[in-house]
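Now for the letters of each chain:
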Amino acid sequence: SSGINAEYGTGTHALALRVMRLTKPAIIPSWPLQAESSDYCGESLVTHRDKDITVLPHLTSYPYGEVLTVPQNLGSIYLGETFSSFVNVQNDSQQTVRDVVLKTDLQTSSQRMPLSNPTGQAMVSKLVPGDNISEVITHEVKELGGQLLVCTVSYINTSGEKQMFRKYYKFQVLKPLDVRTKFFTTQDEDIFLEAQITNTTPHPLHMQKVVLAPSPLYMVTDLNFLPDGESIFADSDYINPDDTWQYLYKLSPKMTADEKSNVKGVSSVGKLDIMWLSNFGERGRLQSSQLQRLIVSHGELVVTVHSLPHFIASDQQFQLCLRLRNTSDRKYNLHVTLGQLPNSGLVWVGDIRKVIGEVLPCSHLDVQLDILPIKSGVWDVGEITIENVLTNKKFNYPSIGQILVGLK
């Protein structure tokens, strides 16, 4: 591969620098040129066709098919893959040079990092005509955009003068996958994370692993497997270009309910770790940054339905269990008032005003309420008003849930 620039040593040098990227070959289609000698410029076209290595002798109308070709330059690479290159310095002159130094760096948009020989020490004390030195450099690509491989060679010639030249080799880092995430939070503070992964390359990718590494605050359940342990993507592990696969994970907090109610702000739930193989088996890996979830404050009093049947027969009494959680730093003294929704098929059983009692800070209390269904249908459960008699502050809940009432 030839350098795109040479800032230093534009004159003739005793040493020659060559760089070749170590990568799998590419596939190119073969399209034979169809021509006859009687055509305009036909003889020239036929001669050109006969020299094409992708055309079968004596079967000029039939191509080989897809042909493998080695890259002619550094080209492009995908984020998460490993960039490997062979760097060679050859003495093409008739003189012996001394103290040959080969140094390689990678220049990105944000930093410059050494890939080999960071101290700039001499690799050989002398290099005779025809000899060479070489090395293989590797680097896991972690930044998008244009990047420069900077190769610097210095040596001392026969006159005792120090010579130096530098070449730049440019390549592009492209994005192989587009990853989008969505969060869904349940009433029990469990989190469902949906990850949508789109293949943005022009060729299929073999998805080896897509896992969610949770933060210390959460436990994760991978929902991308069937009960027998088989992956839901078992039919094909290859994601085609522009296809999108959806992965689902369930995150359960390790904290107690009362500890969860005190967590505010942004919470890190973990990182996505993705591994794949390209069509020639080149390995790639991406790890997302910490996925952040905004924790919404529920206010000073959090009321959740601890138990409520989904279906009940008409005239069959049932219980509603509410969990009242005090998320403030002051104790509560709570009273509950039960109201009647218009045209409701549910009626409260017992006193419509109940004394709950004290609820200490960062703690909870369960309340049992009796309900009698009198008409069939789908009914809202309400209305419920909870009052803190210490501050006269009221919390009103017109509907706390729904229930289906059927005939006996």
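Provided above is the structure to which this section pertains.
Cut-offs used in this document
- Residues numbered from 1 in each chain as written.
- Predicted model: local features only at pLDDT ≥ 70, side-chain atom pairs only at ≥ 80, totals over all residues.
- Heavy atoms only, no water.
- Helix = DSSP H or I, 4+ residues; strand = E, 2+ residues; numbered from the N terminus.
- Buried < 20%, exposed > 50% of the residue type's maximum accessible area, 1.4 Å probe, protein only.
- Contact = heavy atoms within 4.5 Å.
- Areas by Shrake-Rupley, 256 points an atom, 1.4 Å probe, with all protein chains shown as cover.
- Pairing = 2+ DSSP bridges.
- Core = buried A, V, L, I, M, F, W, Y, C linked by side-chain atoms within 4.5 Å.
- Salt bridge = Lys/Arg side-chain N within 4 Å of Asp/Glu carboxyl O.
- Axes fitted to C-alpha atoms, helices over the stretch in contact; angles between N-to-C directions.
- Phe/Tyr/Trp six-rings, centres within 6.5 Å; stacked < 30°, edge-to-face > 60°.

A. Spatial organisation of the overall build of the chain. Along the chain, the regular secondary structure elements total 2 helices and 33 strands. Looking at the chain as a whole, 40% of its 408 residues are labelled buried. Looking at the chain alone, contacts between residues at least 24 apart form 70% of all its contacts between residues at least 6 apart. On the chain, roughly 22,600 Å² of surface is accessible, and the fraction owed to carbon and sulfur atoms is 52%.

B. Representation of the pairing of strand β15 (residues 191-199) in the model. Among the 9 residues that make up β15, 8 are buried, leaving the element largely enclosed by the rest of the structure. Pairing between strand β14 (residues 177-185) and β15: 9 bridges, direction antiparallel. From the neighbouring strand, F183 faces β15, where its bridge partner is L193. Bridging between β15 and strand β19 (residues 244-253) involves 8 bridges; their strand directions are antiparallel. Bridging from a neighbouring strand, Q196 pairs with Q246 of β19.

C. Up close: the nonpolar core. Core analysis: the biggest nonpolar cluster contains 50 residues, and L15, L17, V19, L149, F171, M207 and Y247 have the highest contact counts within it. When near neighbours in sequence (up to four residues on either side) are disregarded, L149 contacts V19, F83, S85, D105, L106, L115, I137, K167, Y168, Y169 and F171. L338, L346, V359 and I400 belong to the second-largest nonpolar core, a separate cluster that totals 29 residues.

D. Region of interest: the pattern of salt bridges. As enumerated under the stated definition, the model contains 11 salt bridges in all. One salt bridge in this structure joins K209 and D273, with 3.6 Å as the shortest N-O distance. With K209 in strand β16 (residues 205-214) and D273 in strand β20 (residues 265-277), this pair connects stretches of sequence that are 64 residues apart. Measuring nitrogen to oxygen at the nearest pair gives 3.9 Å for the salt bridge that ties E387 to R353. Of this pair, E387 sits in strand β31 (residues 384-388) while R353 is found in strand β28 (residues 353-359), placing the two residues 34 residues apart along the sequence. The class of E387 is buried, set by a relative accessible area of 14%. Salt bridges sharing common partners tie together K103, D105 and R112.

E. Structural detail: the sheet that holds strand β23 (residues 301-307). Taken in spatial order, the 4 strands of this open sheet run β23-β25-β29-β27, and their pairing is antiparallel. In this open sheet, the two strands that pair with only one neighbour each are β23 and β27 (346-349). With direction set aside, neighbouring strand axes in the sheet form an average angle of 40°. Two strands pair when backbone bridges link them, and β27 and strand β29 (residues 363-373) are joined in this way by 4 bridges, in the antiparallel orientation. The residue of β29 that forms the bridge with V347 is L372.

F. Fine view of the packing of aromatic side chains. Per the stated rule, a full pass over the model turns up 4 aromatic pairs. For the pair Y332 and F395, a centre-to-centre distance of 6.5 Å together with 35° between the ring planes defines the contact as tilted. Here F395 lies in strand β32 (residues 393-397) and Y332 lies in strand β26 (residues 332-338), a separation of 63 residues in the sequence. The exposure classification of Y332 matches that of F395, with both residues buried.

G. Layout of the environment of G406. Position of G406 relative to the elements: it lies in strand β33 (residues 401-406). Take G406: its relative accessible area is 11%, and that puts it in the buried class. Along the primary structure G406 and F311 are separated by 95 residues, whereas in three dimensions their C-alpha atoms are 7.3 Å apart. When residues no more than four places from it in sequence are discounted, the contact partners of G406 are F311, I312, A313, S314 and S376.

In short, geometric facts, not functional conclusions.
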